[in-house]
Amino acid sequence: MAVVGVLSDTHGSLPDRAYMALGGCDYIIHAGDICDRTVLRDLRSIPGVREVFAVLGNNDREGEYGPEVGRFSKPVIEGVRFLVAHYPDDVRIRPAGSSAVPPGEPVPDICVYGHTHVPSLLMGREAAPAKYVLCPGSVKRPRGGSSASVAFVEVEAGRIVDVRIQPLSGARG
């Protein structure tokens, strides 16, 4: 089994409480508004992290983090297909496809977005055609009365075992 840590909207720095919460993750997904290269460096320095996937947010610039960080990321981890974008509308897949998932491409199992700074987890009909649509909230600037938060997705052999949003202790918005 692999544990995927999911975060968004770091806006230039990775708080210690987020760094600590992500300890033990095998992979990290950052859903945009990175705002400083040191954030990705810090995420890659977490012991045990094999790979960090990230997308650009509205406060990031094209090319700022290298060619591997663009508008979308589509990692496949332990056989589970992810679609990552910053904006919620970019991960909504309609019958005719979307800008991220052209017709004929396999539907992602889980769609991840940021931007809203409000944690959200949709599943079943609300997430269709994906199995889950996840926003981890923000680690620094939560909105809507939510706490600063990260999310975790446990995957194994092509299936999603668990998805949860975890508030970061002592971090109220």
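Model, not experiment: these values are computed from the prediction. Residue numbering note: each chain is counted from 1, following its sequence as written. Where totals are concerned, whole chains, interfaces and linings use all residues; where local detail is concerned, this predicted model gives features only for residues with pLDDT of at least 70, and gives and counts side-chain atom pairs only at 80 or more. Just so you know, side-chain values use all the structure's heavy atoms and leave hydrogens and water out.

## Details of the pairing of strand β9 (residues 147-156)
Counting buried positions over the 10 residues of β9 gives 9, a clear majority of the element. One ladder, built from 5 bridges, connects strand β1 (residues 2-7) with β9; its direction is antiparallel. What sits directly across from V6, in β9, is A151. Classification of residues uses two cut-offs on accessible area relative to the type maximum, computed with a 1.4 Å probe and protein chains only: under 20% is buried, over 50% is exposed, and between them is partly exposed. Strands are runs of DSSP state E lasting at least two residues, helices are runs of H or I lasting at least four, and both sets are numbered from the N terminus onward. Paired strands, as defined in this entry, are two strands with at least two bridges between them according to DSSP.

## Considering the nonpolar core
Within soluble globular proteins, side chains that are nonpolar generally end up buried alongside one another. To qualify as a nonpolar core, a set must consist of buried Ala, Val, Leu, Ile, Met, Phe, Trp, Tyr and Cys residues joined through side-chain atoms within 4.5 Å. Core analysis: the largest hydrophobic core is formed by 23 residues, its most contacted members being L7, L22, I28, L40, L43 and V150. Mapped onto this core, the elements with two or more residues apiece are α1 (16-21), α2 (37-44), β3 (51-54) and β9. Residues in contact with I28, not counting those within four places in the same chain, are G5, L7, L22, L43, I46, V49, E51, V52 and F53. Core analysis: the next-biggest nonpolar cluster, separate from the first, contains 21 residues, V80, V84, Y132 and I160 among them. Throughout, a contact is declared for two residues whenever any of their heavy atoms are within 4.5 Å.

## Some thoughts on the pattern of salt bridges
By definition here, a salt bridge exists when the distance from a side-chain nitrogen of Lys or Arg to a carboxyl oxygen of Asp or Glu is within 4 Å. A full pass over the atoms with the stated rule returns 10 salt bridges. Linking D42 and R41 is a salt bridge whose minimum nitrogen-to-oxygen distance equals 3.0 Å. As a salt-bridge pair, E156 and R159 come within 3.9 Å of each other at their nearest N and O atoms. Accessibility expressed as a relative area gives 31% for E156, which makes it partly exposed. Three or more residues are tied together by salt bridges with common partners; here these are R81, D109 and K131.

## Things to note about the state of the cysteines
Cysteine sulfurs are considered disulfide-paired once they come within 2.5 Å of each other. Applying the stated criterion to the full structure yields 0 disulfides. Between C25, a free cysteine, and C135, which holds the nearest cysteine sulfur, the sulfur-to-sulfur gap is 17 Å. Cysteine C35 shares no disulfide, and the gap to the nearest cysteine sulfur, in C135, comes to 15 Å.

## A short note on the packing of aromatic side chains
What counts as a ring pair is set by centres within 6.5 Å for rings of Phe, Tyr and Trp (its six-membered ring), and what kind of pair is set by the plane angle: stacked under 30 degrees, edge-to-face over 60, tilted for all other angles. Scanning the entire structure with this criterion turns up 1 aromatic pair. Ring geometry for Y27 versus F53: centroids 6.4 Å apart, planes at 25°, classification stacked. Of this pair, Y27 sits in strand β2 (residues 27-30) while F53 sits in strand β3; the two residues are 26 residues apart in sequence, bridging distant segments of the chain. The exposure class of F53 is buried, given its relative accessible area of 14%.

## Some thoughts on the environment of I28
Inspection of the secondary structure assignment puts I28 in strand β2. Among the residues examined, I28 registers a relative accessible area of 0% and is labelled buried. Considered as a pair, I28 and D89 are 61 residues apart in the sequence and their alpha carbons are 22 Å apart.

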